[in-house]
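Given next are the chains, with one letter for each unit.
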Amino acid sequence: MAGQKGKQTTLGNFLGEKKNGGNKAAETAGNIRSYFGNRKDKKDNSNDKETEATETAVGDKRKRPESANQKDDNDETNKKFKADKEKTKEELEKDEELKETKKPKEELEEEDEEIKEAEEQEKEQNREQQEDKTAAHVMACFSTADTKSKLGMTWKEGDDVPYSVLCKTFEACEATTKRLEITEYLVTLFVEVIKKKPTDLLSTLYMCINKLCPDYEGLELGIGESLLMKAVAESTGRTLKVIQKDYHKTGDLGTVAKNSKSSQSTLFKPKRLTVTHVFKTLTKIAEVKGNSAQANKVGHIKGLLVACEDNEAKYLIRQLEGKLRIGLAEQTVLSALAHSIVLSKPESAKMKTEQKEQKLTYAVDLVKSVYNQLPSYNMILPALLEHPLDELKERCKMRAGIPLKPMLAHPTKSLTEVLDRFEGHPFTCEFKYDGERAQIHKLPDGSTKIYSRNSEDMSIRYPDVVEKLKKWIKPTTSSFILDCEAVAWDREKKCILPFQVLSTRKRKDVKEEEITVQVAIFAFDCLYMNGESLLQESLRTRREKLLEGFQETENEFFFAQHMDTDNIEDIQTFLDVSIKKNCEGLMVKIYDGEEASYEPSKRSRNWLKVKKDYLGTGGVGDSMDLVVVGAFLGKGKRTNVYGSFLLGCYDPNSGDYQTVCKLGTGFSDENLKDFYETLKNYTIPTVPRYYQIGDNPEAPDVWFEPKVVWEVKCADLSISPRYMAGVGLVDETRGISLRFPRFIRIRDDKEAEDSTTNEQIVEFYESQSNGHD
Ligand SMILES: Nc1ncnc2c1ncn2[C@@H]1O[C@H](COP(=O)(O)OP(=O)(O)OP(=O)(O)O)[C@@H](O)[C@H]1O
Ligand SMILES: [Mg+2]
Ligand SMILES: [Mg+2]
């Protein structure tokens, strides 16, 4: 626990720290970095402080005449000026009169609240954009020279990229919490790779995000600890017992491997590792199947470990574990990639700072948006390396067969909240079906695929759906991507069955003749049709395409029920019907205009979910999906199983899990038995370094790897020194915890990294009618 406290302090130091770059550009970077540094504890600062920090960041931009910010400002002023000019004198006088009439205090407070909320929303939306712009500004002034020597990038042009260079970059990234600094390291690495060995860029990039291929290809690392410990022991000549003991002390097998290596004397020096060799071997390890798979894997791992030097063993082991956890968010990697493509082009050296900055901003927007539509580096990288940026969109178009990350919704607590948020916008209501998200693709060659919300191939899970799907398609429809929910379905009674029934369906090796749980598909969106992307179209248009291109088929395929009205009574009735029909509530979506476009991978405010269970509770608005990180041994009736559990949420910025509550209710005896059996496979000897556990005197009896995700409801949320969720965002040292949490169900469609994030927990906390403290 002491280690955890230490971690908080270190974090604090980093946030305050400003690195000295030595030149002017670095100074600007320093200012901007301190803005980014504050991101993590954004909300624990007073508002003033935050505005000040933001202004430092934006300040530089405002001075430059052509900046995008200023243009926006001007546009706004012009619009207002025009509008004012069009008003008659009479109207203007009336305006003045209105201003002078004093409003009652409550009304003013309410307005204040509204303004605050609107501002918050806008801030959130602008934040990412602002970060991209700031990064572009810094990178335009940035020279990779200093960073290059720090990261030891001295290998010869044409040679393979050494693994040591990658590991030094990882080390530098791990030592900071600042996104911008991480971007600098990555850009330096990528630019160098592009210049010296562009064919190594793909493996370098995959190694940075610790993946072997796109998610839909389904090849994953994540070697069990016992196997890794065995390999470490065998390759270093230390006993397994000593390795285990060391692991218990540090909580990081990577560090144990590194230390074991340094205490070992080698007689002959094996050839230094290269990124491509390690990547290929990792792929082999992930692919090995069959009887002697274990021995085969250990063999490969040992082969790599023997050749490791310095900190290489540390990162190699972490890569094998499938958790690099050095704070490299995929968005940062994407933006670094875009920057390095621009900066590695010879013409960029001749560009003026401002021009370069524009080009960088353009590249980041472009690469991110193309990646959203075609999430495959295998396809994007060659286009980026071999062709002009301007051709990227044309060359890398969305296509059937490559799954998109689905658009997600924001929770709300009441229909009035929905009406308030969507005021002035046409919107549409749909039933919210309670099943599993399914993205259905039909490729031009006639084959079909079904993907989960995580882009996993679910075609083998739903062979029955794949088989039937041709009947639903009208002859004019050749290729498509549909966004749907698969729900358990009773063919006799012709009704939806609860989620629990669906979850009893087998996940693997499903044979059509053995299927006991039937599913029906409810389609609510059409993202692509006959070779054309529909993402930019409004929901109205996309729905039209859906209705035109498909036909409902009894017991198999339906269009999501919808109703377009803004009458609250009608919506209420529609909601009641949805519940009667075994749905969870409603999804309310903006229907027309730009905001009605489909935003892949985004939790958008243009889609709101209203769940019946949470209406009028004044509480939280939605359930949470949390990771089981530890357990307490049961007593009395629960002897021999775990009696209660410690749960955590995910911090995507650091890759850490932060504890959020202890959970002991909502389980059946059956559940507890099952969970004991499953979870005991994931026990680890000590609390890992990527768990932030706070100052809780009640430590669990066992710790688990972050594998199992449960859906949990709670009465409300409060600040607590015992838990760490969102620490630094609302309170400097304390986190947020769930009060009266209750187990709802397993979420085996979610991985630990898809669980509720620290920022979402903060949002839930802040949206409570009255926060407890
Ligand atoms: N008409 C609909 N439109 C969009 N999504 C729908 C619809 N009906 C059901 N869904 C499902 O609702 C999900 C969103 O709400 P839900 O609360 O179930 O989210 P979740 O799966 O717990 O994930 P998260 O809480 O992260 O959003 C979608 O991902 C989709 O699977
Ligand atoms: Mg759901
Ligand atoms: Mg949910």
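Quick caveat: nothing in here was measured; it's all calculated off a predicted structure. (Residues numbered from 1 in each chain as written. Chains lettered and ligands numbered in written order. Predicted model: local features only at pLDDT ≥ 70, side-chain atom pairs only at ≥ 80, totals over all residues. Heavy atoms only, no water.)

A word on the overall build of the protein chain. When you go through the protein chain residue by residue, the secondary structure sums to 28 helices and 22 strands. Per-residue burial for the protein chain yields a buried fraction of 53% across its 773 residues. Excluding contacts between residues fewer than 6 apart, the proportion of contacts in the protein chain whose partners are at least 24 apart in sequence is 74%. Only carbon and sulfur atoms are counted for the fraction: they give 49% of the accessible area of the protein chain, which is about 36600 Å². (Helix = DSSP H or I, 4+ residues; strand = E, 2+ residues; numbered from the N terminus. Buried < 20%, exposed > 50% of the residue type's maximum accessible area, 1.4 Å probe, protein only. Contact = heavy atoms within 4.5 Å. Areas by Shrake-Rupley, 256 points an atom, 1.4 Å probe, with all protein chains shown as cover.)

Let us look at the nonpolar core. Considering soluble globular proteins, one finds that nonpolar side chains tend to be buried as a cluster. Core analysis: the biggest nonpolar cluster contains 107 residues, and Y163, F190, L316, L320, L337, L384 and L392 have the highest contact counts within it. With 40 residues, the next largest nonpolar core counts V418, I496, F524 and Y591 among its residues. (Core = buried A, V, L, I, M, F, W, Y, C linked by side-chain atoms within 4.5 Å.)

What follows concerns the site of ligand 1. Residues in close proximity to ligand 1 total 19 residues, the closest being E485, R603, K611, R747 and K750. In this structure, E485 approaches ligand 1 through a side-chain N or O atom, which is 2.4 Å from an oxygen atom. At a separation of 2.9 Å, an oxygen atom of ligand 1 approaches a polar side-chain atom of K609. Out of a free accessible area of 600 Å², ligand 1 has 95% covered by protein chains. Taken together, the elements giving at least two residues each to the shell around ligand 1 come down to strand 2 (427–432), strand 11 (585–590) and strand 12 (603–611). If one sorts the elements of the shell around ligand 1 by residue count, strand 12 sits on top with four residues. (Near = heavy atom within 4 Å. Polar contact = N/O pair within 3.5 Å; in protein donor to acceptor, adjacent residues only side chain to side chain.)

Another aspect to go through is the packing of aromatic side chains. Aromatic rings considered in pairs are described by the distance between their centres and by the relative angle of their planes. Under the definition given, this model contains 33 aromatic pairs. On the numbers, 5.1 Å between centres and 45 degrees between planes, the contact of W489 with F558 is tilted. Placement of W489 in strand 5 (residues 480–490) and of F558 in strand 9 (residues 557–559) is noted, with a sequence separation of 69 residues between them. W489 gets classed as buried once you look at its relative accessible area, which sits at 8%. Taking 6.3 Å as the distance between ring centres and 80 degrees as the angle between the ring planes, the aromatic pair formed by F524 and W607 counts as edge-to-face. Here F524, found in strand 7 (residues 519–529), pairs with W607, found in strand 12; they are 83 residues apart in sequence, far enough to count as distant. W607 matches F524 in its accessibility class, with the two residues each being buried. Chaining the aromatic ring pairs together yields one cluster made of Y642, F645, F667, F675, Y676, F704, W710 and F743. The positively charged end of R325 is found above the aromatic ring belonging to Y690, 4.1 Å away from the centroid. (Phe/Tyr/Trp six-rings, centres within 6.5 Å; stacked < 30°, edge-to-face > 60°. Lys NZ or Arg CZ within 6 Å of the ring centre and 35° of its normal.)

This brings us to the pattern of salt bridges. Scanning the entire structure with this criterion turns up 53 salt bridges. Between K612 and D576 there is a salt bridge, and its shortest N-O distance comes to 3.7 Å. Placement of the pair is K612 in the loop between strand 12 and strand 13 (624–633) and D576 in helix 26 (residues 568–580), with a sequence separation of 36 residues. The partly exposed category is assigned to D576, whose relative accessible area is 29%. Two residues, R734 and D731, come together in a salt bridge whose shortest N-O distance is 3.0 Å. With relative accessibility at 27%, the residue R734 sits in the partly exposed group. (Salt bridge = Lys/Arg side-chain N within 4 Å of Asp/Glu carboxyl O.)

To continue, consider the packing of helix 9 (residues 179–196) against helix 10 (residues 201–208). Closest axis-to-axis distance for the helix 9/helix 10 pair is 10 Å, and the angle between their directions is 160 degrees. Looking at the two axes, helix 9 sits roughly antiparallel to helix 10. The two elements helix 9 and helix 10 cross, and the hand of that crossing is right-handed. Where helix 9 abuts helix 10, its residues L186, L189, F190, V193 and I194 lie against L201, T204, L205 and C208. When grouped by side-chain class, the residues that make up the contact of helix 9 with helix 10 number eight nonpolar, one polar and no charged. (Axes fitted to C-alpha atoms, helices over the stretch in contact; angles between N-to-C directions. Parallel < 35°, antiparallel > 145°, perpendicular 65-115°, else oblique. Left-handed = near helix turned anticlockwise from the far one by under 90°. Nonpolar A, V, L, I, M, F, W, Y, C, P; charged D, E, K, R; others polar.)

Turning to empty space enclosed by the protein, a few remarks are in order. Applying the stated criterion across every chain yields a total of six cavities of 30 Å³ or more. Looking at the largest cavity, its volume works out to about 80 Å³. Forming the boundary of the largest cavity are 10 residues, of which E131, A135, R179, T183 and S335 lie nearest the centre. At the level of secondary structure, the elements contributing two or more residues to the lining of the largest cavity comprise helix 6 (105–141), helix 9 and helix 17 (330–343). Tallied by class, the residues present in the lining of the largest cavity amount to three nonpolar, four polar and three charged. (1 Å grid on protein atoms, 1.4 Å probe; cavity = no way out; pocket = protein on both sides within 12 Å on 5 of 7 lines; lining within 4 Å. Points joined across faces, edges and corners; volume = space filled by probe spheres on them.)

Before going further, it helps to examine the environment of V370. For V370, the position within the fold is in helix 19 (residues 353–373). For V370, a relative accessible area of 3% translates into the label buried. The spacing of V370 and R395 is 25 residues in sequence and 9.8 Å in space, taken between C-alpha atoms. Once residues lying within four places of it in the same chain are set aside, the contact partners of V370 are I380, L392, K393 and C396.

To continue, consider the pairing of strand 4 (residues 448–451). The sheet contact formed by strand 3 (residues 436–442) and strand 4 spans four bridges and is antiparallel. From the neighbouring strand, K442 faces strand 4, where its bridge partner is T448. In this structure, the hairpin formed by strand 3 and strand 4 is closed by a connection of five residues, where G446 is found at a positive phi of approximately 95 degrees. (Pairing = 2+ DSSP bridges.)

What follows concerns helix 26. For helix 26, with 13 residues, the first-to-last C-alpha span of 18 Å sits near the 18 Å given by 1.5 Å per residue. Here helix 26 has its buried residues at I571, F574, L575 and S578. Projected down its long axis, helix 26 carries its buried residues within an arc of 105 degrees, all on one side. What points out from helix 26, more than 90 degrees from its buried face, is the exposed set E569 and K580. Buried residues along helix 26 sit in contact with helix 22 (415–421), strand 2, strand 10 (562–563), strand 11 and strand 12. For helix 26, the N-terminal cap is N567; the gap from its side-chain oxygen to the backbone nitrogen of E569 is 2.8 Å. (Expected span 1.5 Å × (residues − 1). Arc of directions from axis to C-beta.)

Turning our attention to the sheet that holds strand 2. With mixed pairing, the five strands of this open sheet are ordered in space as 1-12-11-2-10. Bordering the open sheet on either side are strand 1 (408–412) and strand 10, each of which pairs with just one other strand. Of the strand pairs in this sheet, strand 2 and strand 11 are connected by six bridges, and their pairing is antiparallel. Residue F431 lies in a different strand from strand 11, and its bridge partner there is L586. Where helix 25 (residues 539–549) meets the sheet, it contacts strand 2, strand 10 and strand 11, and its direction lies at approximately 50 degrees from that of strand 2.

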